[in-house]
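The primary structure of each chain is shown beneath.
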Amino acid sequence: MPPWLSDLLWTYQNVLVALGVNGLLALSMYVVLAAGQLSLGQAAFMGLGAYASALLSLRLHWPFWLVLPLSPVVPVGFALLVGGPTLRLSGIYLAIATIGLGEVLRAVYLNVDALGGALGLSGIPEAAPLWLIYLVLAASLFVLWQVGRSRIGRAMEAMRGDARTALAMGVNVRRYRLATLAASAALAGLAGALSAHATDFIGPSDYGFETAVSILSFALLGGVASPFAPVLGAAVLTLLPEALRGFADLRLVLNGLVIVLAVLFLPRGILPWRMRRSAA
Amino acid sequence: MRRRALMASLAALAAAPGRVARAQEAPIPIGLVAVLSGPNAAYGTAIRAGVELALGQVNAGAARLRLIVEDSGGSKDGAINAARKLIGRDRVAAIIGPTLSNEMFAMGPVTNARGIPTIGTSTTAGGITDIGPFIFRTALPEADVIPVTMKKAASRGVKRVALMYANDDAFSKSGFEVMRTAAAGTGFTILTVESFGSRDTDFSAQLTKIKGLAPDAVGISALVEPVAGVLLQARQLGFGRETLFIGGNGSNSPKLGQIAGTAADGLIVGSPWFIGKQDPLNLAFVAAFRARFGRNPDQFAAQAYDTLGILAAAIARAGNADPARIRNALLKTDRVGVMGPFRFTERRDPASTEGVVVLEMQGGAFRIAG
Amino acid sequence: MLAQQLVNGLLLGATYALFALGFTLTFGVLRVINLTYGFYFTAGAFIAWYLTRGGTGLALALPAAAIGSGIIAVILDALLLTRLRRARADELASLMVTLGAVLALYAAMTALLGPDIRRLPQSVLGSGALVLGPVRVTQAQLLILGAVTVLAGGLVWLVRFSRLGLGIRAVAENPDAAGLMGIDAARIAVLVSFLSGALAGAGGVLIGLAFNAIQPYMGEQMMLRGFVVVILGGLGDIFGAMLAGLLLGVVEVLTAAYLASGFKEAVAFALLVLVLWTRPAGLFGRPPPRRA
């Protein structure tokens, strides 16, 4: 590798990690939104994956190839626990219940000494190289693309349009909702484990309401027409603050305005092209 | 990890001759990472002001330094990105900052692996300099300041204390740990420990509970806004002058008086610096700061001002912009600044605590405590 | 000590109830989770701060702040939500657009005014406290308690018994049908926006007064509790929000006093998840709103 390239990679390593991790998070949001639900718990699921995997690495010294596949277990468990009861209700209830989950978990991280409290956990082995993050992202994209083209994808789209019609059409709405929520928690958990093992330090404030909101804005800007759309949205919103670094407070203003304008004027996102379905 | 360190030292080797040659004509770039936006922007703004004031003065002399300021936004990712940009693109020889201890725990490992001296001016949490051999700080850690404050409290007859802290930020939490150790070390009985969130506005439950235990003193470790909120509400709940309030480093800001007014009266806090110090260096600093920015400097500005002086002197002694030489020169620092005489310990923490003064709030402003 | 803690809880709860009144009203009528609501709260507090600093008394500053933030609410509603309403976008779209807007607004405010905490001048309200045996209550707290009672009572009367309230309820039930019956649904929407904005603004002034902490992000912090309160009370249920607010305040204070102060906040959300699990229409609600 020529020195200028390694320097460039080094300078932007954190941004490149964030691009990949945020892409995964956007996908986790996409899975929920594509089934017509709203979760504001993606940050909480990510945090569960990050904390669980960091503890496995730090306390039990398990190798990362074992830790990573296990990282979705805890977030999926919590998703079923919190999401299950709200599924028969309108979408707003799931959104609010997942905010609640995030806040309860934050209090747990802060108050349980074994989890490091406000100081968080540091010294996590840097076991997640860039290529692994992008490999997981690519694999997730591929799977979601295949699923989206299948019968399941059509059922999800029907639910997004109108859950009652979908129900009448014979779609098991509750089962799909629970499954998509679990899948989304799993993706967020993977993203959490990868990011924790790419920076070496995690803390409770990384997984709060603000993070949940940014994850939502990724998917929102991109749209949910295809799995590529939210990933593109994540890329734009990850690079935007970097490009606007000099503007200090104004970059938060612009970030918010992007969301407003995207919803108002681009209701299908910046990448509205839909995937073609395989014949039924 | 090891490969990256190797690459870093190779890059440093490759870059070093070029830097020596450039040092004659081009100014040496140094970086500042500070919180300039978001809720903690006040700290970073003060630090930038202190650094810029000092920069103007050293550049008016023999030094030729170029300062590149990056906003971290108060987030650890912001701090890491800022440091990577400063090192990778701007090729800075050293970095001052970041502002928050949390940010340093995230950013320090990155700059340390790259071998760039990094000096925290406001990072008072425990364990900062354990990050690695290139991490320095000029901020007196709480562990040096709080025992002095506790001794003052003991001299006023305090025996039984209650402790309060914000449990959601690293700075307040580690300050609290120090406070608990120092209180026990001074021989105080700790009646209860209560926590709250940094952005809370209601502390009535905790304060009522503490009031029921009738302590001689209440120690608070938190940033200045929640401390002001605690004091205001304590007065509402009927805490009078019979209870001494003891602050950590977060309370050491003129903002405490601006927000809480006379409700803060009687609070004591240890400080590495005091605006009313009458030595000529400090008088000149305060006057210059007022003239340039139209307001009073605070502790953060003073520490930042001294830090740039310390760094500029180290770069001059190093003779060029090689970060490793600057690091070694920093270790040999022996200088008198507005905070008093300054040297680093072998662990790259400030060596001397003789500058520490205990301040007391009176009429909404700090005075030297009697 | 228990007596004082119960009073602490009720007073804290009164602030939650005060905050949640307008929030639950907009949801009940307009079927919108409007996250800019937190900004009206901030705006009201800042308007009062400017006015009282200029020497205006609280008696004038409070209504002025309420009207001012009401107008801001109407403008933001027109800018953000009319378009979505016309397009019959789903509730998630409005949630997201207000989310983006409120982020931009808080950040713009911080950029303009700085992040510092401000407080209303002490002179606007006596600093004396009422002492009843072991219990102390400040004047600001009494004012909040009074304001919550009056505002909630007035709001319930307006919605249940006035002619305007009939229109509001009709729109809440079904905007199209209300339109067919000659009710100007758009006008009702403007009015409800104004009302909720004014309620938020008044809440911002009073709570800023009680806790001495006015800063741009104050609405955001309150918003999370606002969610809990409106869900516990039943979405759109004014009286329920009032009770739920008080209950939440008491539970939080008792948790901090007798269990662990670190879990004060978490208990609110644990309660929320528990209620969603067992009584999703709220603690005092009718059968759960089954939609799909």
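Parameters at a glance
- Residues numbered from 1 in each chain as written.
- Chains lettered and ligands numbered in written order.
- Predicted model: local features only at pLDDT ≥ 70, side-chain atom pairs only at ≥ 80, totals over all residues.
- Heavy atoms only, no water.
- Helix = DSSP H or I, 4+ residues; strand = E, 2+ residues; numbered from the N terminus.
- Buried < 20%, exposed > 50% of the residue type's maximum accessible area, 1.4 Å probe, protein only.
- Areas by Shrake-Rupley, 256 points an atom, 1.4 Å probe, with all protein chains shown as cover.
- Lys, Arg positive; Asp, Glu negative; His and termini not counted.
- Charge placed at Lys NZ, Arg CZ, Asp CG, Glu CD.
- Domains from an automatic or database assignment.
- Contact = heavy atoms within 4.5 Å.
- Buried area = accessible area lost by both parts, 1.4 Å probe.
- Polar contact = N/O pair within 3.5 Å; in protein donor to acceptor, adjacent residues only side chain to side chain.
- Nonpolar A, V, L, I, M, F, W, Y, C, P; charged D, E, K, R; others polar.
- Salt bridge = Lys/Arg side-chain N within 4 Å of Asp/Glu carboxyl O.
- Pairing = 2+ DSSP bridges.
- Axes fitted to C-alpha atoms, helices over the stretch in contact; angles between N-to-C directions.
- Parallel < 35°, antiparallel > 145°, perpendicular 65-115°, else oblique.
- Left-handed = near helix turned anticlockwise from the far one by under 90°.
- Arc of directions from axis to C-beta.
- Core = buried A, V, L, I, M, F, W, Y, C linked by side-chain atoms within 4.5 Å.

## Considerations on the overall build of chain A
What chain A contains, in helices and strands, is 13 helices and two strands. Structurally, chain A occupies a C-alpha span of about 55 × 40 × 35 Å along its principal axes. Across the 280 residues that make up chain A, the buried fraction comes to 60%. For chain A, the exposed surface amounts to about 10800 Å²; the carbon and sulfur share of it is 69%.

## Observations regarding the overall build of chain B
When helices and strands are tallied, chain B shows twelve helices and 14 strands. Projected onto its principal axes, the C-alpha coordinates of chain B cover approximately 70 × 45 × 35 Å. Across the 370 residues in chain B, those meeting the buried criterion constitute 63%. Of the roughly 12700 Å² that chain B leaves accessible, carbon and sulfur atoms contribute 54%. Here chain B contributes 41 positive and 29 negative side-chain charges, whose respective centroids are spaced 5 Å apart.

## Comments concerning the domain arrangement of chain B
All names here are of chain B. When cut into domains, chain B gives domain 1 (2-140 + 278-338) and domain 2 (143-271 + 356-368). Between domain 1 and domain 2, the C-alpha centre-to-centre distance is 31 Å. If you look at the interface, domain 1 gives ten residues, while domain 2 gives 13 residues. Sorting the residues of domain 1 by area buried against domain 2 places Tyr43, Leu140 and Gln299 first, and these three jointly supply 44% of that buried surface. The interface formed by domain 1 and domain 2 includes two residue pairs in polar contact (both at pLDDT 80 or more). Split into classes, the residues belonging to the side of domain 1 that touches domain 2 amount to four nonpolar, five polar and one charged.

## Section: the interface of chain C and chain B
Note: interface size is frequently given as the accessible area lost on complex formation between the parts. Listed per partner, the contact involves 25 residues of chain C and 28 residues of chain B. At the boundary of chain C with chain B, the tally comes to two salt bridges. In this structure, the salt-bridge partner of Lys264 of chain C is Asp202 of chain B, at a minimum N-O distance of 3.4 Å. Counting the contacts that link chain C with chain B gives ten residue pairs in polar contact (both at pLDDT 80 or more).

## Focus on the sheet that holds strand β8 (residues 217-221) of chain B
Residues and elements named next belong to chain B. Read across the sheet, seven strands follow the order β7-β6-β8-β9-β10-β13-β14 without closing on themselves; strand pairing throughout is mixed. Of all strands in the sheet, those with a lone pairing partner are β7 (189-196) and β14 (365-368), marking the two edges. Averaged over all adjacent pairs, the angle separating strand axes in this sheet is 30 degrees, with direction ignored. With four bridges joining them, β8 and strand β9 (residues 244-247) adopt parallel strand pairing. Bridge pairing in β9 places Ile220 opposite Gly247. The sheet contacts of helix α6 (residues 170-185) involve β6 (160-166), β7, β8 and β9, and relative to β6 the element is tilted by about 165 degrees.

## Digging into the interface of chain C and chain A
Every contact between the two is made by 43 residues of chain C and, on the other side, 42 residues of chain A. Taken together, the two surfaces of chain C and chain A that pack against each other cover about 3900 Å², and 78% of this comes from carbon and sulfur. Across the contact surface, chain C and chain A share one salt bridge. A salt bridge links Arg106 of chain A to Glu265 of chain C, with the shortest nitrogen-to-oxygen separation between them at 3.8 Å. Where chain C meets chain A, there are one residue pair in polar contact (both at pLDDT 80 or more).

## A few points about the pattern of salt bridges
Opposite charge on two side chains permits pairing when their charged atoms draw close. Taken as a whole, this structure holds 19 salt bridges over all chains when the rule is applied. A salt bridge links Lys85 of chain B to Glu70 of chain B, with the shortest nitrogen-to-oxygen separation between them at 2.5 Å. In this pair, Lys85 of chain B sits in helix α3 (residues 76-88) while Glu70 of chain B sits in strand β2 (residues 65-71), placing the two residues 15 residues apart along the sequence. Assigned by exposure class, Lys85 of chain B and Glu70 of chain B land together as buried. A salt bridge links Asp90 of chain B to Lys85 of chain B, with the shortest nitrogen-to-oxygen separation between them at 3.0 Å. The exposure classification of Asp90 of chain B matches that of Lys85 of chain B, with both residues buried. Taken together, the salt bridges that share partners define one network made up of Glu103 and Arg106 of chain A together with Arg225, Glu252 and Glu265 of chain C.

## Regarding the packing of helix α1 (residues 2-30) of chain C against helix α6 (residues 139-161) of chain C
All names here are of chain C. As a packed pair, α1 and α6 sit with axes 9 Å apart at the nearest point and diverge in direction by 30 degrees. Between α1 and α6, the angle is such that the two are roughly parallel. Judged by the twist between their axes, the crossing of α1 over α6 is left-handed. Contacts between α1 and α6 involve Leu11, Ala14, Thr15, Ala17, Leu18, Leu21 and Leu25 from the former and Gln141, Ile144, Leu145, Val148, Leu151, Ala152, Leu155 and Val159 from the latter. Of the residues that constitute the contact of α1 with α6, the class distribution is 13 nonpolar, two polar and no charged.

## Topic: the sheet that holds β2 of chain B
What holds strands together in a sheet is hydrogen bonding between their backbones, with the strands either parallel or antiparallel. Residue and element names in this part refer to chain B. The strand order across the open sheet formed by five strands is β2-β1-β3-β4-β5, and the pairing between neighbours is parallel. Two strands in the sheet have a free side with no partner beyond their single neighbour: β2 and β5 (135-137). Sheet topology note: the strand β4 (residues 118-120)/β5 ladder contains three bridges and is parallel. Looking at the pairing, Gly120 lines up with Arg137 of β5.

## Remarks on the side chain of Thr124 of chain B
Structurally, Thr124 of chain B can be placed in the loop between β4 and β5. Discounting chain neighbours no more than four positions away, the residues touching Thr124 of chain B are Ser101, Arg137, Ala139, Leu140, Pro141, Glu142, Phe171 and Asn249 of chain B.

## Some points on helix α12 (residues 323-331) of chain B
All of the buried residues along α12 of chain B are Pro323, Ile326, Arg327, Ala329 and Leu330 of chain B. Around the axis of α12 of chain B, the buried residues are gathered within 165 degrees of arc, so they sit on the same side.

## Comments concerning the side chain of Glu252 of chain C
Residues and elements named next belong to chain C. Checked against the element boundaries, Glu252 lands in helix α11 (residues 238-259). A polar contact of 3.0 Å, which involves the side chain of Glu252, links it to the side chain of Arg225. With residues near it in sequence (within four places) discarded, Glu252 still touches Leu12, Tyr16, Arg225, Lys264, Val267 and Ala268.

## Examining the nonpolar core
Formed by 185 residues in total, the largest nonpolar core has its most connected members in Leu38, Leu194, Ile202 and Leu216 of chain A together with Ile33 of chain C. The element best represented in this core is α1 of chain C, accounting for 13 residues. Judged by nonpolar contacts, the second largest core, of 80 residues, contains Phe196, Val224, Leu232 and Ala264 of chain B.

## Examining unusual backbone geometry
A cis amide bond links Gly97 of chain B with the next residue in sequence, Pro98 of chain B, at an omega value of -5 degrees. Along the chain, the position of Pro98 of chain B falls in the loop between β3 (95-96) and α4 (101-114).

## What to know about the packing of helix α5 (residues 73-86) of chain A against helix α10 (residues 173-199) of chain A
All names here are of chain A. The N-to-C vectors of α5 and α10 enclose an angle of 145 degrees; their axes lie 8 Å apart at closest approach. In this structure, α5 crosses over α10, and the sense of that crossing is right-handed. Taken together, the residues of α10 that come into contact with α5 (itself represented by Pro75, Val76, Ala79, Leu80, Gly83 and Gly84) are Arg174, Leu178, Leu181, Ala182, Ala185, Ala186 and Gly189. Within the contact of α5 with α10, the residues separate by chemical class into nine nonpolar, three polar and one charged.

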